[in-house]
Amino acid sequence: MKLLNLLLSCIIIIVSVILCQQIISNSISNQKNKNDYAELNHVKYGLFSVEEWKRQITVILAEEINKLNLSGTNERDLRKHIEVLLNTLIDKIDKQIRKGNKGSAEGWVKQTFMNIFVSLEDIKKGIPEYADAIIHEIKKVKTKGQIKTLLNKQLEQYFSQTFDAQDTAQMRRILLQTGSKDIESARINLDKAISARQNLVLKEAILLIMLSVVIFALSGFSTQPLAPSQYIFLVLSLIILLIAGVTTPMIDMEAKISQMSFVLLGHPIHFENQVLYFQSKSILDVF
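Residues numbered from 1 in each chain as written. Predicted model: local features only at pLDDT ≥ 70, side-chain atom pairs only at ≥ 80, totals over all residues. Heavy atoms only, no water.

The next point concerns the overall build of the protein. Per the secondary structure count, the protein includes 11 helices and 2 strands. Tracing the protein from N to C terminus, the helices and strands come up as α-α-α-α-α-α-α-α-α-α-β-β-α. The buried share of the protein, reckoned over its 287 residues, is 28%. Restricting the contact set of the protein to residue pairs at least 6 apart, pairs at least 24 apart contribute 76%. Of the roughly 19300 Å² of accessible surface on the protein, 64% is carried by carbon and sulfur atoms. (Helix = DSSP H or I, 4+ residues; strand = E, 2+ residues; numbered from the N terminus. Buried < 20%, exposed > 50% of the residue type's maximum accessible area, 1.4 Å probe, protein only. Contact = heavy atoms within 4.5 Å. Areas by Shrake-Rupley, 256 points an atom, 1.4 Å probe, with all protein chains shown as cover.)

Below, the structure is given as structure tokens:
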């Protein structure tokens, strides 16, 4: 009976050592996944990222451009601006022509002819009609499409010239490691990996505790005095539990902005889980 208990205890200790090593290995691997997940959620890739602001604002402005339409109030305001611009343009053209006609006999003749037969005031009287013609042209479906296309191109050109020299080496490494095309899919993959690994560690920990309970039960229910080898197995079991306990990362420290949103042009700009600080530590790490 003693030999059977000794053999069983020896097998349990060997299995416990293997389980302890697996728990530590899986926990450290999960710790890396948690650090990578926190890195992807870091505020530098969200609230403090020019690229993220560009992504959200581009969508908003593109939607507003596609909804662009002239209302009654907008049309009146636009007509006033067009009239002012036409008036200014006519004055500039007149000054340019006069400037070009100075200094030569031919220019003097041209200017004299224009002064006699061309009235600048008569031209300016037709500005409201010119403005109406421009407004009528703008309101055509084809013209609206051309304006929206032009505005979208200008928007793309502007945002292509706006960028931030950000160090994304860590982010690229995580995307490559998880086989993901973007940050969101990498988050999903890491979240699944963390959950699966956490469940595995939990099952291994429960099994390790059960094995330790079995060793103590074998010694506790024995009617004979414990042999020195049984004391050694009990101590080894406790040491294995202690090692697993102090080396397994189990303390997560995180500071983050859970949610931040505001409205721009009637559209929400939204940021979630913006991590400011994250550390995953074991008791040994903290010590």
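What follows covers the pattern of salt bridges. Under the counting rule described, the total for this entry stands at 4 salt bridges. In this structure, Glu-184 and Arg-187 form a salt bridge, with 2.9 Å as the shortest nitrogen-oxygen distance. Taken together, the residues span about one helical turn, with Glu-184 and Arg-187 both in helix α9 (residues 183-220) at a distance of 3 residues. On the basis of relative accessibility, which here comes to 46%, the residue Glu-184 falls in the partly exposed class. In this structure, Glu-254 engages Lys-256 in a salt bridge whose closest nitrogen and oxygen atoms are separated by 3.9 Å. According to the relative accessible area criterion, Glu-254 is partly exposed, its value standing at 44%. (Salt bridge = Lys/Arg side-chain N within 4 Å of Asp/Glu carboxyl O.)

Moving on to the pairing of strand β1 (residues 251-264). Consecutive side chains along a regular strand alternate between the two faces of the sheet. Taken together, the 13 bridges between β1 and strand β2 (residues 267-281) define a ladder with antiparallel strand orientation. When the sheet's bridge partners are listed, Met-260 is paired in β2 with Phe-271. Hairpin geometry of β1 and β2 is characterised by an intervening segment of 2 residues between the two adjacent antiparallel strands and by a positive phi of about 55° at Leu-265. (Pairing = 2+ DSSP bridges.)

On to the side chain of Lys-34, then. Summarising the element assignment, Lys-34 is placed in helix α1 (residues 2-40). Look past the residues within four positions of Lys-34 in its chain and what remains in contact with it is Ile-194, Gln-198, Asp-252, Phe-278 and Ser-280.

Within the protein, residue pLDDT values average 79, and 84% of them lie at 70 or more. The secondary-structure element of the protein with the lowest mean pLDDT is helix α7 (residues 141-160), recorded at 68, while α9 shows the highest, at 88. (pLDDT = per-residue confidence, 0-100.)

Over its 38 residues, α9 extends 54 Å from the first C-alpha to the last, a length consistent with the 56 Å expected when each residue adds 1.5 Å. The backbone nitrogen of Glu-184 lies 3.4 Å from a side-chain oxygen of the residue at the head of α9, namely Asp-182. (Expected span 1.5 Å × (residues − 1). Polar contact = N/O pair within 3.5 Å; in protein donor to acceptor, adjacent residues only side chain to side chain.)

Attention now moves to the side chain of Ser-9. Examined against the element boundaries, Ser-9 turns out to sit in helix α1. Apart from residues lying up to four places away in sequence, Ser-9 is in contact with Ile-215, Leu-218 and Phe-233.

In this structure, Asn-273 is a non-glycine residue whose phi angle is positive, near 50°. Within the secondary structure, Asn-273 is located in strand β2.

Before going further, it helps to spend a moment on the packing of α9 against helix α10 (residues 228-247). Close contact between α9 and α10 brings their axes to 10 Å; oriented N to C, the two are set at 160°. When the interaxial angle is binned, α9 and α10 end up roughly antiparallel. In this structure, the crossing between α9 and α10 has a hand that is left-handed. Contacts from Leu-208, Ile-209, Ser-212, Ile-215, Phe-216 and Ser-219 of α9 reach α10 at Gln-230, Phe-233, Leu-234, Ser-237, Leu-238, Ile-240, Leu-241 and Ala-244. Grouping the constituent residues of the contact of α9 with α10 by class yields 10 nonpolar, 4 polar and no charged. (Axes fitted to C-alpha atoms, helices over the stretch in contact; angles between N-to-C directions. Parallel < 35°, antiparallel > 145°, perpendicular 65-115°, else oblique. Left-handed = near helix turned anticlockwise from the far one by under 90°. Nonpolar A, V, L, I, M, F, W, Y, C, P; charged D, E, K, R; others polar.)

This paragraph deals with a nonpolar patch on the surface. Taken together, the side chains of Met-250, Ile-251, Met-253, Leu-276, Tyr-277, Ile-283 and Val-286 make up a nonpolar region of the molecular surface, amounting to roughly 630 Å² of accessible area. Contributions of two or more residues to the nonpolar patch are made by β1, β2 and α11 (283-286). Its place among the elements puts Ile-251 in strand β1. (Patch = residues over 30% accessible without salt bridge, like charges linked within 9 Å, V, L, I, M, F, W, Y side chains within 5 Å.)

This next bit is on the packing of helix α8 (residues 169-178) against α9. For the pair α8 and α9, interaxial distance at closest approach is 10 Å and the crossing angle is 60°. Taken as axis vectors, α8 and α9 run oblique relative to one another. Seen from above, α8 lies across α9 with left-handed handedness. Of the residues in α9, those in contact with Met-171, Ile-174, Leu-175 and Thr-178 of α8 are Ile-183, Ala-186, Asn-189 and Leu-190. In the contact of α8 with α9, the residues fall into 6 nonpolar, 2 polar and no charged.

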